[in-house]
Amino acid sequence: MLYASKLSLIVMAPKPQRIRHLVGATCEGAMRKARTMSTETETETETSSMKDAFSKYADYLNNINDKRERVVKASRDITMNSKKVIFQVHRMSKQNKEEVLDKAVKVLAAVNDQYLSRLVKELQGTDFWKLRRAYSPGVQEYVEAATLCNFCKTGLLLTLDEINATLLPLSDPSVEPLQINILDYILGLADLTGELMRLAIGRISEGELDFAEKICSFVREIYRNLTLIAPEMDDSSDMKQKMETMLQSVMKIENACFSVHVRGSEYIPLLGSADTSYPLLGMPDID
């Protein structure tokens, strides 16, 4: 009996290979569990980091969209009030020239203080070129109004540096100021020629032939210089169309001035002169 009991214990005892297998399986299971827990922790960390990154991107896009809306509103206000300056200049006549231009200058100063300053505050210290399409129409209209007003007062072209100098007092000196770029300035000059054409025709109807001829020479010089620049402006599809319109404006001014020289006294009363010394007497004025 004793011998049988010892034999049974020997048979039932685990073999060394089985012990090593059990120990290895236990260690491997523990390591796999540890790796799983580590992987889950890393995944949670990466997910949290990704959520934070996308949250920052969302905040940035929301802020930039809100800024774009404010910039578009400021640009519209600048456009609308710059047109008031242009309309004011077109009220000019031989009798009220100084008065009308002084008022136009005051309206232009109000555009600077009330509307352009709002745009400057929105864009100063930022990469304002990113939002250029949002404010470009207003800036072009402002350039058109400022250059038209300056030409009527001084007979000279208002340069880009002079315009940007007026923006500096509106900016915080501690940040990068908003500066009008050369493309918007040139596009504004292209629109200026159309207003000068209307002004020249109006001056001819008032008998101010010298002023009309001065406008003709000025517009012709602008067109001549822009024809040298326009081919290099590949990134502006608007410029080609503006150049065609500008050429039409130059031709209209030249034809009007030429008609005055050729037809002489006939041409002025046809445009509304009340001078009875001209031969077309009794002809009603044309508004």
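Residues numbered from 1 in each chain as written. Predicted model: local features only at pLDDT ≥ 70, side-chain atom pairs only at ≥ 80, totals over all residues. Heavy atoms only, no water.

**Student:** Which residues make up helix 3 (residues 97–123), and what values do they have?
**Tutor:** Two residues of an α-helix separated by three or four positions point the same way, owing to the 3.6 residues in each turn. Its 27 residues place the ends of helix 3 37 Å apart at the C-alpha level, agreeing with the 39 Å of an ideal helix rising 1.5 Å per residue. A maximum bend of about 40° is found in helix 3 at L116. Looking one or two residues beyond helix 3, the residue adopting positive phi is G125, at roughly 75°. (Helix = DSSP H or I, 4+ residues; strand = E, 2+ residues; numbered from the N terminus. Expected span 1.5 Å × (residues − 1). Bend = angle between axes of the 7 residues up to and from the residue.)

**Student:** Account for the nonpolar core, naming residues and giving values.
**Tutor:** In terms of nonpolar packing, the biggest core is built from 69 residues, with L119, L196, I215 and M239 touching the most fellow members. Sort the elements by how many residues they give to this core and helix 6 (residues 182–205) lands first, with 12 residues. Filtering out sequence-adjacent residues up to four positions away, M239 remains in contact with I186, L187, A190, L226, A230 and M233. (Core = buried A, V, L, I, M, F, W, Y, C linked by side-chain atoms within 4.5 Å. Buried < 20%, exposed > 50% of the residue type's maximum accessible area, 1.4 Å probe, protein only. Contact = heavy atoms within 4.5 Å.)

**Student:** I'd like to hear about the side chain of D77, residue by residue, with values.
**Tutor:** On the secondary structure map, D77 appears in helix 2 (residues 16–89). Taking the relative accessible area as the measure of exposure, D77 reaches 10% and is therefore buried. Excluding its chain neighbours within four sequence positions, the residues that come into contact with D77 are Y115 and R118.

**Student:** Quick rundown of helix 6? Include the residues and the values.
**Tutor:** Compared with an ideal rise of 1.5 Å per residue, which puts 24 residues at 34 Å, helix 6 spans 35 Å between its outermost C-alpha atoms and is within 8% of the ideal. Burial analysis of helix 6 places 18 of its 24 residues in the buried class, which makes it a mostly covered element. Residue N181 occupies the N-cap position of helix 6, its side-chain oxygen lying 3.1 Å from the main-chain nitrogen of L183. One or two residues past the end of helix 6 sits G207, with phi positive at roughly 85°. (Polar contact = N/O pair within 3.5 Å; in protein donor to acceptor, adjacent residues only side chain to side chain.)

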